[in-house]
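Inside the fold
Listed below are the residues making up each chain.
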Amino acid sequence: MAALIEAKDLTKKYGAHIALDRANLKVEAGRIVGLIGPNGAGKTSALRAILGLTNYEGHLTVLGREPFRDRTELMNECCFIADVAVLPSWLRVDHAIDFVAGVHPRFRRDRATAFLAKTQITGKRRMRELSKGMKTQVHLALTMAIDAKLLVLDEPTLGLDILARRAFYDALVNDYMDETRTILITTHQVEEVENLLTDIIFIDRGRIVLDTSLEDVATRFTAVAVMADRLDAARAEKPFYERHILGKVVLYFENADPAKLEGFGEIHTPSVSDLFVAKLSGGAA
Amino acid sequence: MNNSNWLIRREFWENRAIWMIPAVFGGLLLLAALFGQVSLPRLTSAHESREAAGAFLVVVGAMFYLVMGVYSTWYLLDCLYTDRKDRSILFWKSLPISDANTVLCKLLVGMIIIPLVYFAAADATALFAAFILSIRARASIGSALWNGEVWWQVQVLWMYVIVTTAVWFLPVAGWAMLMSAWAKRAVMLWAVLPPLLLYILERVFFGTRMVGHLITRRLMGLPFVSFNDPKYVWTHEGGLVDNAAAGASTPSVWHLINPSGFFTNPETWIGAAVGVALIVAAIQLRMRRSEI
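Everything numeric here is computed off the predicted structure, so don't read it as measured data.

1. Overview of the overall build of chain A
Each helix and strand counted, chain A has 11 helices and 13 strands in total. By its C-alpha atoms, chain A is 70 × 40 × 35 Å across when sized along the principal axes. Per-residue burial over chain A gives 41% buried out of 285 residues. Looking at chain A alone, contacts between residues at least 24 apart form 71% of all its contacts between residues at least 6 apart.

This is the structure we're talking about:
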């Protein structure tokens with residue numbers, strides 16, 4: 001089956017600034033993919049291109065379409081939440097539901113109202129009267145009631161407190177996700193999404209640094225807390241990153257032979273956040 | 001079509017001023033009719049009462065038209081800017097609605113729907129004012145002001161004014177929307193400064209006034225193009241619907257309006273073509289610029 005999102009040499013320039021530099025990536029159906037990078041790495045540019053909000057150079061297909069040219073058709077099958085704070089302040093909750101129900105062929109009103117029935121939010125309230133957490137719930141209710149093949153979330157929990165964040169991700173995984181759907185999330189708070197992702201894409205300075213599934217991370221990457229006397233031998237195996245914590249030295253290896261590393265010290269699979277730091281500080285070893 | 005329906009409804013949710021301003025303005029006029037000084041001339045003939053009815057309806061309509069002009073301009077300047085400013089454009093763009101559809105619906109609201117709302121408010125205000133005046137002054141005046149036949153003629157006039165205004169001011173609306181889709185802040189300033197700058201540069205370097213003439217003609221020229229001879233609206237012997245200058249035996253609005261002249265005037269169509277180009281540009285910008 002063809003990939004849901006496929007980008008080849010995707011490039012986006014703003015004047016002299018290159019936000020995306022010949023980025024290649026692939027997202028398969030049924031996955032929860034984290035697009036992870038530091039601020040200004042090109043995450044948002046990539047998402048804007050994928051959602052048809054901006055033009056770009058290079059080749060890009062999403063659900064078999066060219067996003068910028070076919071945004072309208074694409075939005076029949078794809079939906080996105082780009083930061084929860086974007087529902088207009090004058091909009092009433094019931095009007096928002098009416099509007100989306102009116103224009104979106106895949107919107108299921110009963111699902112949206114069922115979701116909102118579990119909250120304190122009533123139909124006549126305007127967005128400006130709602131707290132940020134409540135706005136998130138409205139936006140989620142609207143979005144999750146759409147039978148979309150692809151859901152894109154851009155920093156979805158920015159500015160939310162920890163309770164609202166937890167509720168957001170719980171609803172996402174429990175009520176929304178199933179094998180017919182694909183979710184693409186960008187965030188720079190890796191710890192928050194680590195446990196729900198199936199795939200990770202690291203992006204840095206406009207380039208894709210890593211694009212892999214979490215199953216592959218375990219076989220591909222190894223971290224070793226090296227004993228002091230074996231440090232030189234371990235370094236000879238060419239770790240790509242070295243970290244000093246509490247007097248211990250942790251070396252990170254890619255595609256190394258586990259048998260060789262065993263003697264150096266305690267071996268474990270790096271967490272996504274450790275890997276992120278290791279990969280993006282690359283060369284600083 | 002279905003989407004347009006919702007997009008227009010959306011404009012009414014967002015801009016409650018579309019109906020609130022004419023409602024408040026009509027209310028103020030009615031207050032004036034209730035408590036203001038009434039000194040109406042004695043109407044002796046049927047001819048005079050027709051004239052009075054016509055003048056009355058036209059004056060009320062003209063006042064609403066002026067307010068509408070100001071509000072519509074503001075609406076068009078604002079309509080592609082606000083949702084970029086508060087970033088809600090990202091929500092609207094997450095729905096399967098094309099940018100062309102969005103922009104054209106906003107244009108339709110600004111150029112046709114808002115004027116319809118205002119003229120409906122003008123009609124309602126005139127009706128109530130005539131009723132009030134007939135109680136306060138003399139019943140005969142109130143009924144004279146509410147002449148059914150004249151009323152229908154004035155409705156024809158309103159429809160004609162709405163259509164000609166929409167076509168004539170299309171380049172102005174297109175420019176306003178383009179700036180609304182483009183500016184990062186101070187849309188009003190962006191709308192006014194470039195033409196002003198062009199005018200000044202032309203004065204300084206060429207000593208001519210082409211730009212100034214073009215702009216003044218566009219802003220002020222509509223009555224000269226769309227009516228036969230607008231000065232008769234205000235003359236005592238002519239009046240609006242009793243346009244003696246037209247030499248008609250049955251005076252009517254048909255002698256005032258000049259549709260064949262308006263729609264065969266090259267100025268009309270050159271302006272409209274410029275307007276279409278500006279609106280196409282606004283749509284293109286709308287597709288590319290989503291945030292400020």
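2. Description of the overall build of chain B
Of the regular secondary structure elements, chain B holds 14 helices and 0 strands. Each helix and strand of chain B, placed in order from N terminus to C terminus, yields the pattern α-α-α-α-α-α-α-α-α-α-α-α-α-α. Expressed as a percentage of contacts within chain B between residues at least 6 apart in sequence, the contacts between residues at least 24 apart total 80%.

3. A few points about the sheet that holds strand 4 (residues 57-62) of chain A
All names here are of chain A. Here we have 3 strands laid out as an open sheet, ordered 2-1-4, and antiparallel in their pairing. In this open sheet, the two strands that pair with only one neighbour each are strand 2 (17-27) and strand 4. With direction set aside, neighbouring strand axes in the sheet form an average angle of 25 degrees. Bridge count for strand 1 (residues 5-14) against strand 2 is 7 bridges, and the pairing is antiparallel. What sits directly across from Leu10, in strand 2, is Ala23.

4. A closer look at the nonpolar core
Counting residues in each nonpolar core, the largest one holds 151 residues, and the members touching the most others are Cys78(A), Val152(A) and Met177(B). Viewed by domain, this core spans two of them, domain 1 (5-205) and domain 2 (220-280) of chain A, each represented by three or more residues. Leave out the neighbours within four places in its chain, and Val152(A) touches Leu47(A), Ile50(A), Leu51(A), Cys78(A), Phe80(A) and Leu184(A).

5. Brief notes about the pairing of strand 7 (residues 182-187) of chain A
Put simply, side chains in a regular strand alternate between the two faces of the sheet. All names here are of chain A. By the criterion of burial, strand 7 is predominantly enclosed, with 5 of the 6 residues buried. As defined by bridge partners, strand 3 (residues 32-36) adjoins strand 7 across 5 bridges and the pair is classed as parallel. What sits directly across from Val33, in strand 7, is Leu184. Alignment of strand 6 (residues 150-154) against strand 7, held across 5 bridges, turns out to be parallel. Considered in strand 7, the bridge of Asp154 is made with Thr186.

6. Let's talk about the sheet that holds strand 12 (residues 248-254) of chain A
Residue and element names in this part refer to chain A. Here 4 strands make up an open sheet; going across it, the order is 11-12-10-13 and the pairing antiparallel. Edge positions in the open sheet fall to strand 11 (241-245) and strand 13 (265-268), since each of these has one partner strand only. Sheet twist, expressed as the average angle between the axes of neighbouring strands with direction ignored, equals 25 degrees. The pairing of strand 10 (residues 221-226) with strand 12 spans 6 bridges and is classified as antiparallel. When the sheet's bridge partners are listed, Ala225 is paired in strand 12 with Val250.

7. Looking at the interface of chain B and chain A
With 20 residues of chain B at the interface, the matching set in chain A holds 21 residues. At the level of elements, helix 1 (2-14) and helix 5 (89-92) of chain B are the ones that each hand at least two residues to the side of chain B that touches chain A. For the side of chain B that touches chain A, the element with the highest residue contribution is helix 1 of chain B, accounting for 6 residues. Here the residues of the side of chain B that touches chain A are counted per class, giving 7 nonpolar, 6 polar and 7 charged.

8. Remarks on helix 14 (residues 266-288) of chain B
Think of an α-helix as 3.6 residues a turn; residues three or four steps apart then line up on the same face. All names here are of chain B. The first and last C-alpha atoms of helix 14 sit 34 Å apart over 23 residues, in line with the 33 Å expected at 1.5 Å per residue. When helix 14 is considered as a whole, its buried residues turn out to be Gly271, Gly275, Leu278, Ile279, Ala282, Ile283, Arg286 and Met287. Looking at the buried side of helix 14, the elements it contacts are helix 6 (99-136), helix 8 (148-168), helix 9 (170-182) and helix 11 (210-220).

9. Details of the domain arrangement of chain A
All names here are of chain A. You can read the domains of chain A as domain 1 (5-205) and domain 2 (220-280). Between the C-alpha centres of domain 1 and domain 2 there is a distance of 35 Å. Of all the elements in the fold, those that place two or more residues in the side of domain 1 that touches domain 2 are helix 7 (190-193) and strand 8 (199-204). The biggest single contributor to the side of domain 1 that touches domain 2 is strand 8, with 3 residues. Its residues assigned to classes, the side of domain 1 that touches domain 2 shows 5 nonpolar, no polar and 3 charged.

10. With respect to the environment of Ala96(A)
Residues and elements named next belong to chain A. Mapping Ala96 onto the fold places it in helix 3 (residues 93-103). A count of 22 C-beta atoms within 10 Å places Ala96 in the buried class. Spatially, the C-alpha atom of Ala96 lies 9.6 Å from that of Arg126, the residues being 30 residues apart in sequence.

11. Thoughts on the confidence of the model for chain B
Residues and elements named next belong to chain B. This prediction gives chain B a mean pLDDT of 86; 88% of its residues lie at or above 70. Between the elements of chain B, mean pLDDT differs from a low of 66, seen in helix 7 (residues 139-145), to a high of 96, seen in helix 9. In this model residues 230-239 is a low-confidence stretch, pLDDT under 50, and it forms 14 contacts with partners more than four residues away in sequence or in other chains. Segment residues 241-250 is flagged for pLDDT under 50; beyond a separation of four residues in sequence, or across chains, it makes 25 contacts in the model. Model confidence for the complex is summarised by a pTM of 0.88, with the ipTM given as 0.86.

Conventions we followed
Residues numbered from 1 in each chain as written. Chains lettered and ligands numbered in written order. Predicted model: local features only at pLDDT ≥ 70, side-chain atom pairs only at ≥ 80, totals over all residues. Helix = DSSP H or I, 4+ residues; strand = E, 2+ residues; numbered from the N terminus. Buried ≥ 20, exposed ≤ 12 C-beta atoms within 10 Å, placed from the backbone. Contact = placed C-beta atoms within 7 Å. Pairing = 2+ DSSP bridges. Axes fitted to C-alpha atoms, helices over the stretch in contact; angles between N-to-C directions. Core = buried A, V, L, I, M, F, W, Y, C linked by C-beta atoms within 7 Å. Domains from an automatic or database assignment. Nonpolar A, V, L, I, M, F, W, Y, C, P; charged D, E, K, R; others polar. Expected span 1.5 Å × (residues − 1). pLDDT = per-residue confidence, 0-100.

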